[in-house]
Amino acid sequence: MTEKNLLNNLVSVTMFNQGQASKIFNRLQEEKQIVVLKNNVPTAILLSPDEYDRLLSLAENEEKKQ
């Protein structure tokens, strides 16, 4: 992920408190992940369902190799 993409994928927890959760969740249709900040510190990462499945599959493949 490039620096520019990372900056575009940051949202403040304040946006959730201001009722913008659906807008944030809608962004996951085009973006793989969104980093949620609280007091300018990463607190959570929201993943699109496709990205979650991809990461889960990678983890399962790694377990099979071991």
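Model, not experiment: these values are computed from the prediction.

On a plain count of helices and strands, the chain comes out with 4 helices and 3 strands. Reading the chain from its N terminus to its C terminus gives the helix and strand order α-β-α-α-β-β-α. Computed over the C-alpha atoms, the radius of gyration of the chain is 14 Å, more than 25% above the 11 Å expected from 2.2 N^0.38 for a compact globule of 66 residues. Overall size of the chain, expressed as C-alpha extent along the three principal axes, is 45 × 20 × 20 Å. The burial tally for the chain puts 17% of its 66 residues in the buried class. Within the chain, contacts between residues separated by at least 24 positions form 25% of all contacts whose residues are at least 6 apart in sequence. As presented, the chain carries roughly 5300 Å² of accessible surface, and 51% of it is formed by carbon and sulfur atoms.

Moving on: the nonpolar core. Judged by nonpolar contacts, V11, I24, L28, I34, V36 and L46 together constitute the single largest core of 6 residues. If we skip the residues at most four places from it in the chain, V36 touches V11, V13, F16, V41, P42, T43, A44 and L46.

Now for the pattern of salt bridges. Throughout the structure, instances matching the rule amount to 3 salt bridges. Between E51 and R54 there is a salt bridge, and its shortest N-O distance comes to 2.9 Å. Here R54 and E51 lie together in helix α4 (residues 49–65), a separation of 3 residues that amounts to about one turn. For R54, a relative accessible area of 40% corresponds to the partly exposed category.

Quick notes on the rules
Residues numbered from 1 in each chain as written. Predicted model: local features only at pLDDT ≥ 70, side-chain atom pairs only at ≥ 80, totals over all residues. Heavy atoms only, no water. Helix = DSSP H or I, 4+ residues; strand = E, 2+ residues; numbered from the N terminus. Rg over C-alpha atoms; globule rule 2.2 N^0.38 Å. Buried < 20%, exposed > 50% of the residue type's maximum accessible area, 1.4 Å probe, protein only. Contact = heavy atoms within 4.5 Å. Areas by Shrake-Rupley, 256 points an atom, 1.4 Å probe, with all protein chains shown as cover. Core = buried A, V, L, I, M, F, W, Y, C linked by side-chain atoms within 4.5 Å. Salt bridge = Lys/Arg side-chain N within 4 Å of Asp/Glu carboxyl O.

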